[in-house]
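Letter by letter, the chains look like this.
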Amino acid sequence: MKVASFIHHYEFDVPGNVYKNAVVLGDVDNDNDIELVVGNVDGDLYIFKGQRQIQKISGLGIITAIAIGDLMNCGSNTLIVISGDGWCHIYLCLKLCKSELVDECIVKLEPVHVQRIPANTKEVLLGDVDGDGLVELIVGLTDRVIRSYRWSQSAAAGRLVPLHKWECANQIGSMILNKDIEGRPCLLVSQPGATALRIYCPTTHPDLIETTIKFENTQLIELRNPLISSEMIGDLKSVDNNELDDSNLGGSLYAITTLDGLLMLVKEQVVVWSKKIDQQLFCLKKLSMTEGGPDYLIACSWNGDTYIVDQQSHVVIFQLGESVTSFCSGMYTIKSNVRPVPCFVFTTFSHKVYIYYDVKLPKSSVQTLSKCIADDRELSMCMEKLNISTDDDRKKLIDGCLYKWPVRDFAEES
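Residues numbered from 1 in each chain as written. Predicted model: local features only at pLDDT ≥ 70, side-chain atom pairs only at ≥ 80, totals over all residues. Heavy atoms only, no water.

A sheet is described by the order of its strands in space; here 4 strands give the open sequence β7-β8-β9-β10, paired in antiparallel fashion. The open sheet has two edge strands, β7 (63-69) and β10 (110-116), and neither has a second partner. Across this sheet, the average inter-strand angle for adjacent strands is 20°, counted without regard to direction. Note that strand β8 (residues 78-83) and strand β9 (residues 87-92) share 4 bridges and pair antiparallel. Opposite L79, over in β9, you have Y91 as the bridge partner. (Pairing = 2+ DSSP bridges. Helix = DSSP H or I, 4+ residues; strand = E, 2+ residues; numbered from the N terminus. Axes fitted to C-alpha atoms, helices over the stretch in contact; angles between N-to-C directions.)

See below:
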């Protein structure tokens, strides 16, 4: 297995433990820069921009989930912080100005709304689940219940209006928005044993009910434990001109992993490929690590080992060397007015936050010298002048250059 070494990183101190879904990257102040937000079990919320902490908010309870997005459907991002006892805090950057000394936003986020929702939230998702063009807040609870809300604004004030409630058969792992084979929006909820529950909004698709997805096990996958917890990531940007774009495989591309190390890439209900990794994978994210390239799967284990898997199942590992409590990946702005770069974010049991930025891979797969020659136009023309045109001829030349130099006999044969 190939090993990646990333050097550039920032380090911050964040006391207290951090839940898996209490660390998120996003533009919290609407200045087109991407910030990092981390909340801990002590009720403290930390916001980082570039190399420094710009704000700390306290007294929020046991923070279990954080989200950033246009919840109010007004074109501006809000910060949603949910605590384990059911309080939902919404923050907004009400004013935007620039400091004369440094070219960074100096305005702090301000609370605009606090509302009580059911307790024990473990997952939060912002997205259009019913296809009406408006963003909804979707929360998953530890009691196997999923609820959706929409922001409603009146002349006096605004509030979250409950829309729908669904109950799952088993514990909720993670939630993603997806489209089925006919292009209809749906919610996928990962369930134990590398399975998923597909949920349609009853107002837009009243004739469709919740169904458990049974993946076509063409890879002959054998689960070590059918009750093991699962995580999902969806809306993967795929490679071009690849077998993954086969018209026979409709729907969106997504991935699922289990705590005992099974990783699968799935198109609709067909398993494209699967891999077994000898680690406990508790978190699954995605990240484009090449300029304009496809999304890589990023799976993190409790000991800090992070597996970078491309869509052809090639694996590269990055070893943090320290046990972690949570992980996320995405884009992060290291300097204001500069394009954000891909990054990994780790929170550790030693109360540290590590941001490894500019994490890029030139290639995750290995090409043969014969294919490199065939793909290089100038080299191919030189080979044609030497009457070397077939794969066998190129292999003989490479073998002669590497192991039988000089290659007079081959030149004479050619």
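With respect to the helices, strands and loops of the structure, G321 is situated in the loop between β26 (315-319) and β27 (324-332). By relative accessible area, G321 is classed as exposed at 72%. Separated by 18 residues in sequence, G321 and N303 place their C-alpha atoms 7.2 Å apart. (Buried < 20%, exposed > 50% of the residue type's maximum accessible area, 1.4 Å probe, protein only.)

A few words on the sheet that holds strand β21 (residues 262-267). As a general point, the strands of a sheet are linked pairwise by backbone hydrogen bonds and lie either parallel or antiparallel. The 4 strands are arranged β19-β20-β21-β22 in an open sheet whose pairing can be described as antiparallel. The sheet terminates laterally at β19 (230-233) and β22 (270-276), the two strands that pair on one side only. Going from strand to strand, the sheet's axes swing by 20° on average, the running direction of each strand aside. In this structure, β19 lies alongside strand β20 (residues 253-258), joined through 4 bridges in antiparallel fashion. If you follow I233 over to β20, its bridge partner there is A255.

With respect to the element layout, R184 can be found in the loop between β15 (175-179) and β16 (185-191). A C-alpha to C-alpha distance of 8.1 Å links R184 and G131, two positions 53 residues apart in sequence. R184 has contacts with N178, K179, Y200, H205 and L208, leaving out every residue within four places of it along the chain. Engagement of the side chain of R184 in a polar contact is seen with the side chain of D180, the distance being 2.7 Å. A polar contact of 3.3 Å, which involves the side chain of R184, links it to the side chain of E182. (Contact = heavy atoms within 4.5 Å. Polar contact = N/O pair within 3.5 Å; in protein donor to acceptor, adjacent residues only side chain to side chain.)

Read these as layout, nothing more, since geometry by itself doesn't imply function.
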